[in-house]
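# Structure at a glance
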Amino acid sequence: MTPQDASTAAAKVCLMAPVVPVLVVDDASIAADLARALVAGGLPALEVTLRTPAALDAIREMAAVPGGVVGAGTLLTPKDVEDAKAAGATFGVSPGATDLLLDACEANDLPLLPGTATASEAMRLLERGYTVQKFFPAEANGGAAALKAIGAPIPQVKFCPTGGVSLKNARDYLALSNTLCVGGSWVAPKDKVLAGDWAGITALAAEAAKLS
Ligand code: 3PG
């Protein structure tokens, strides 16, 4: 898959809803319920981070949920890419970008939303053909003001800011012309997941789905 095709696919995922839930799943047995709750609230694109032993099984479970589009986050190595693809992930997200990781995603036909934190990183990815990128860690990097400033000289790159984004500041990003969507974990808080409060999570998703 070319970087251009990967960016087209990543843009499609980002435009499904204003928010991509970033999920850290400790127990794969609740993954399908969690995915159903988020999809029911209007957030179909889901990122499961590869940070827990249950993550790949969670992706497998979520990939079977109707209406959901499941990706793997925290891709760091070529093996992560292969594992994510085998588990059924249809897109990938990474905190940063290395040539090794980009090569692996392209070779495995996994559309990647590659992480970038600076203008130089965004330019490097753009040189390779990636026009859709993740701005990470968004708030720690200067937030919406920084992303807006990057957009002035590099308007052709569109972003999904992630990291410290919440209901409070999501609108600041979504108002930017270079922001397609935001990523965030606030729609699936640990207490609600542990309690199996799926209705509560659907309500949070619905609130997030209305953001613009
Ligand atoms: C992450 O990598 O954990 C994401 O960027 C989500 O960050 P958040 O928990 O601040 O939403």
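Placed above this text is the structure.
Residues numbered from 1 in each chain as written. Predicted model: local features only at pLDDT ≥ 70, side-chain atom pairs only at ≥ 80, totals over all residues. Heavy atoms only, no water.

Turning our eyes to something else, we now look at helix H7 (residues 143-151). Looking only at H7, the buried set comprises Gly 143, Ala 144, Ala 146, Leu 147, Ile 150 and Gly 151. Down the axis of H7, the sector holding all buried residues measures 160°, keeping them to one side. Seen from the buried face of H7, the exposed residues on the opposite side, beyond 90 degrees, are Ala 145 and Lys 148. In this structure, the buried side of H7 is in contact with helix H6 (119-128), strand E7 (132-135), strand E8 (158-161) and helix H8 (170-174). (Buried < 20%, exposed > 50% of the residue type's maximum accessible area, 1.4 Å probe, protein only. Helix = DSSP H or I, 4+ residues; strand = E, 2+ residues; numbered from the N terminus. Arc of directions from axis to C-beta. Contact = heavy atoms within 4.5 Å.)

Near the ligand the following residues occur: Val 22, Arg 51, Phe 136, Thr 162, Gly 163, Gly 164, Gly 184 and Ser 185. Here an oxygen atom of the ligand and a side-chain polar atom of Arg 51 are 2.6 Å apart. Separating an oxygen atom of the ligand from a backbone N or O atom of Gly 163 is a distance of 3.3 Å. Across the complex, the protein chains shield 78% of the 310 Å² of accessible surface that the ligand would expose by itself. (Near = heavy atom within 4 Å. Polar contact = N/O pair within 3.5 Å; in protein donor to acceptor, adjacent residues only side chain to side chain. Areas by Shrake-Rupley, 256 points an atom, 1.4 Å probe, with all protein chains shown as cover.)

Running from N to C, helix H3 (residues 55-63) and helix H4 (residues 78-87) cross one another at 30°; their axes reach a closest spacing of 8 Å. Here H3 lies roughly parallel to H4, going by the angle between them. In this structure, H3 uses Leu 56, Ile 59 and Arg 60 to contact H4, whose residues at the interface are Asp 83, Ala 84 and Ala 87. Of the residues that constitute the contact of H3 with H4, the class distribution is 4 nonpolar, no polar and 2 charged. (Axes fitted to C-alpha atoms, helices over the stretch in contact; angles between N-to-C directions. Parallel < 35°, antiparallel > 145°, perpendicular 65-115°, else oblique. Nonpolar A, V, L, I, M, F, W, Y, C, P; charged D, E, K, R; others polar.)

What is shown is where atoms sit, not what they do.
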